[in-house]
Amino acid sequence: MALYNFKKIMVVPTAKDFIDITLSKTQRKTPTVIHKHYQIHRIRHFYMRKVKFTQQNYHDRLSQILTDFPKLDDIHPFYADLMNVLYDKDHYKLALGQLNIAKNLIDNVAKDYVRLMKYGDSLYRCKQLKRAALGRMCTILKRQKSSLEYLEQVRQHLSRLPSIDPNTRTLLLCGYPNVGKSSFINKVTRADVDVQPYAFTTKSLFVGHMDYRYLRWQVVDTPGILDHPLEERNTIEMQAITALAHLRAAVLYVMDVSEQCGHTLQEQLELFNNIRPLFANKPLIIVANKCDVKKINELSEENQKIFSDLSVEGIPVIETSTLTEEGVMQVKSEACDQLLAHRVNTKMKGKKVHDVLNRLHLAMPTKRDEKDRPPFIPEGALIRRRAMEVDAPKRKLERDLEMELGDDYVLDLQKYWDLMNEDEKHDKVPEVWEGHNITDYIDPDIMKKLEELEKEEELKERAGEYESDEESEDEEMQEIRILAKQIREKKQLKVLESKEKDVRGPRMPRTATKVERKRMEKEMSKLGLNMNDQDDSHYVQQARRSRSIAKKRKREASSAPTSRTRSQSASRPSRDQSGLRDAKMAKKVKKMMKKSQKGMNRQGRKGESDRHVFNLKPKHLLVGKRKSGPTDRR
């Protein structure tokens, strides 16, 4: 897990963007309408709010920038030195200090102008004070243009730095340029570092991760180092020196045995001796790379002496080739084991180990007498063990058969079926027979159930349960049966008779219309019937009868009311006219009635889908500041 996460640092805007963001936010988030006829305290408060809001925005954003950027005194020395190498510590601190001063200046400007605004006696003066306050804040921030641009570049570079944990298990690769450090990290980890046949391909630190003994390890690839004084080293080389100085890691010093890197073995040894103080208290391994081109035993005696002297000093020398991968895994295992042992020794020398050891107690029992006490094994376990030690051949498993037969093996599970007849094992069982699924009718206990059923039937027959009872019936019972049969037949006949009856008579359909007598007689005569002198016929009489029933009784002329009560009820006006003096009052009453009915009418809808908007000018759509963009809201 990384110790610091530089990717979370907030983007640092340029001075112009900073001012635009803050002023536009002030315009959007504060009221914009004020009039000179308002009370003076309201006008003062209006402009004070704008000044305070702007100051708070500047303060919050600058505080966020100052908090997000790491403080060099608080972070790990490795990152502090790395940032000093990459960004210049003095420049970095100066930029953050200037932003801090700018923040304090903006706070003081806002405080001064808010105090002055309390004495503003008109809208114009308050407005001018507000303009002056915002202008001075923006001028202060414009002066920080270079600091903001520098910090944004630092933020972008920091976010691209690899996440190196200074406290975890680490392997550190160092050496001259182009000796095979990047090729090695590509082999042992999942990193993909660019490898080219020229010097200084790697210009910054690269990290890869690997697993060894179920632990997570990080491998750091450093840029190449040249052999000259520390003051003359450039930024690329100083990154490697910083890593060597501060990371508690196993150091793998890579040497090119073939000298294809452009530096002789003597020069590589001089560099090793030059930076050797940085290897103090760290496991060290010499990796003699490119042994596929030239091995150590093929070198001259003088060069072989270099490696033999190192071995005498106790520094392991391992030949490797990143091309053929010879010795790569050996270097990895050796370095990891050495580092693990070194970390354990370091912890044992520390003060904390005593606190841990005091909590542990290892009990070692001492021998109390010469009596032999062998382990007790239960009798059942011994019997099972003896049963397993049988000389009989083991049963062949399907796995053994598969290994023997190879491609000819076919899994046959039917041979294990337990059937009464062994020959039926490989018979094909039909799934469906005469439209029925056979598995629905399979019952393993069918024979047993059949035997029980047969015994039960036999017992019932013996008991005379199935003998006929008709002979035992007496004459009275037989008469009752005959009578019941007659009643059922009679009932059935009654039902049929009622169905044949047409109680309602013929019914005319709704669509049928009345047929006139003349028309009917004309049509019937055309068909060949004699329709003369039919006045006494049935259909004419029926027509006369129906007409007389349909005729309404004429109302007789009503006589004048005799009693006083009847005369009053006859002269009573309608209810909507009662109690009204004149037409003017009637008109007013009608208007009041319509007005009271309006609320009810407004709730009326055409249907379920009717969404009537009563207020044709809703205030929430038409009042307030207009946003930028087209007028059409749809």
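Residues numbered from 1 in each chain as written. Predicted model: local features only at pLDDT ≥ 70, side-chain atom pairs only at ≥ 80, totals over all residues. Heavy atoms only, no water.

Once that is clear, we can look at the side chain of Glu237. Residue placement: Glu237 occurs in helix H8 (residues 235–246). If near-sequence neighbours (up to four positions away) are discounted, Glu237 is found in contact with Phe200, Gly224, Ile225, Leu226 and His228. (Helix = DSSP H or I, 4+ residues; strand = E, 2+ residues; numbered from the N terminus. Contact = heavy atoms within 4.5 Å.)

Evaluation of the coordinates by the stated rule reveals nine aromatic pairs. A centroid spacing of 5.4 Å and a plane angle of 85° characterise the contact between Phe6 and Tyr79, whose relative ring orientation is edge-to-face. Residue Phe6 is found in the segment before helix H1 (15–29), and its partner Tyr79 is found in helix H3 (residues 77–87); the two are separated by 73 residues along the sequence. Overall, the relative accessible area of 2% leaves Tyr79 in the buried class. (Phe/Tyr/Trp six-rings, centres within 6.5 Å; stacked < 30°, edge-to-face > 60°. Buried < 20%, exposed > 50% of the residue type's maximum accessible area, 1.4 Å probe, protein only.)

This brings us to the layout of surface pockets. Any empty space left between the atoms is revealed when a probe the size of a water molecule rolls over them. Each pocket or cavity is described by its volume, and for the largest pocket that value is around 390 Å³. For the largest pocket, the lining is made up of 28 residues, of which Asn178, Val179, Gly180, Ser183 and Val195 are closest to its centre. The element contributing the most residues to the lining of the largest pocket is helix H7 (residues 181–188), with three residues. The volume enclosed by the second largest pocket comes to roughly 330 Å³. Residue lining of the second largest pocket: twelve residues in total, with Lys514, Val515, Glu516, Arg517 and Ala543 positioned closest to the centre. Per-element accounting of the lining of the second largest pocket gives the leading share, five residues, to helix H18 (residues 538–550). Per-class residue counts for the lining of the second largest pocket are six nonpolar, one polar and five charged. (1 Å grid on protein atoms, 1.4 Å probe; cavity = no way out; pocket = protein on both sides within 12 Å on 5 of 7 lines; lining within 4 Å. Points joined across faces, edges and corners; volume = space filled by probe spheres on them. Nonpolar A, V, L, I, M, F, W, Y, C, P; charged D, E, K, R; others polar.)

Right, let's talk about the side chain of Thr202 for a bit. Inspection of the secondary structure assignment puts Thr202 in the loop between H7 and strand E2 (206–212). When sequence neighbours within four positions are dropped, the list of residues in contact with Thr202 reads Ser182, Val193, Asp194, Asp221, Thr222, Pro223 and Ile236.

As judged from the seven bridges shared by E2 and strand E3 (residues 215–221), these two strands associate in the antiparallel manner. Bridge pairing in E3 links His209 to Gln218. (Pairing = 2+ DSSP bridges.)

A packed helix pair is summarised by two numbers, namely the angle formed by the two axes and the spacing between the axes. Packing of helix H4 (residues 89–117) against helix H6 (residues 145–160) leaves a shortest axis separation of 9 Å and a crossing angle of 125°. It follows that H4 is oblique to H6 by the angle criterion. Crossing geometry of H4 relative to H6 is assigned as left-handed. The segment H4 lies against H6, with His91, Tyr92, Ala95, Leu96, Gln98 and Leu99 engaging Ser147, Leu148, Tyr150, Leu151 and Val154. When grouped by side-chain class, the residues that make up the contact of H4 with H6 number eight nonpolar, three polar and no charged. (Axes fitted to C-alpha atoms, helices over the stretch in contact; angles between N-to-C directions. Parallel < 35°, antiparallel > 145°, perpendicular 65-115°, else oblique. Left-handed = near helix turned anticlockwise from the far one by under 90°.)

Moving on to the pattern of salt bridges. Applying the stated rule across the entire model yields 23 salt bridges. With a closest N to O distance of 3.3 Å, Glu398 and Lys415 form a salt bridge. One end of the pair, Glu398, is in helix H14 (residues 398–405); the other, Lys415, is in the loop between H14 and strand E7 (432–433), and 17 residues separate them in sequence. Asp535 is paired through a salt bridge with Arg517; the nearest N and O atoms lie 2.6 Å apart. Taken together, the residues Asp535 in the loop between helix H17 (517–526) and H18 and Arg517 in helix H17 connect sequence positions 18 residues apart. Given the relative accessible area of 42%, Asp535 is considered partly exposed. Note on Arg517: relative accessible area 34%, which makes it partly exposed. One salt-bridge network, in which partners are shared between bridges, spans Arg517, Glu521 and Asp535. (Salt bridge = Lys/Arg side-chain N within 4 Å of Asp/Glu carboxyl O.)

Here we take up helix H10 (residues 301–312). Side chains of residues three or four places apart in an α-helix project in the same direction, reflecting 3.6 residues per turn. Taking 1.5 Å per residue, twelve residues should reach 16 Å; H10 reaches 16 Å between its end C-alpha atoms and fits that length. Restricting attention to buried positions, one finds in H10 the residues Asn303, Ile306, Phe307 and Leu310. For H10, the angular spread of the buried residues around the axis is 80°, confining them to a single face. Away from its buried face, by an angle of more than 90 degrees, H10 presents the exposed residues Glu301, Glu302 and Val312. Backbone geometry just downstream of H10 places Gly314 in the positive-phi region, at approximately 95°. (Expected span 1.5 Å × (residues − 1). Arc of directions from axis to C-beta.)

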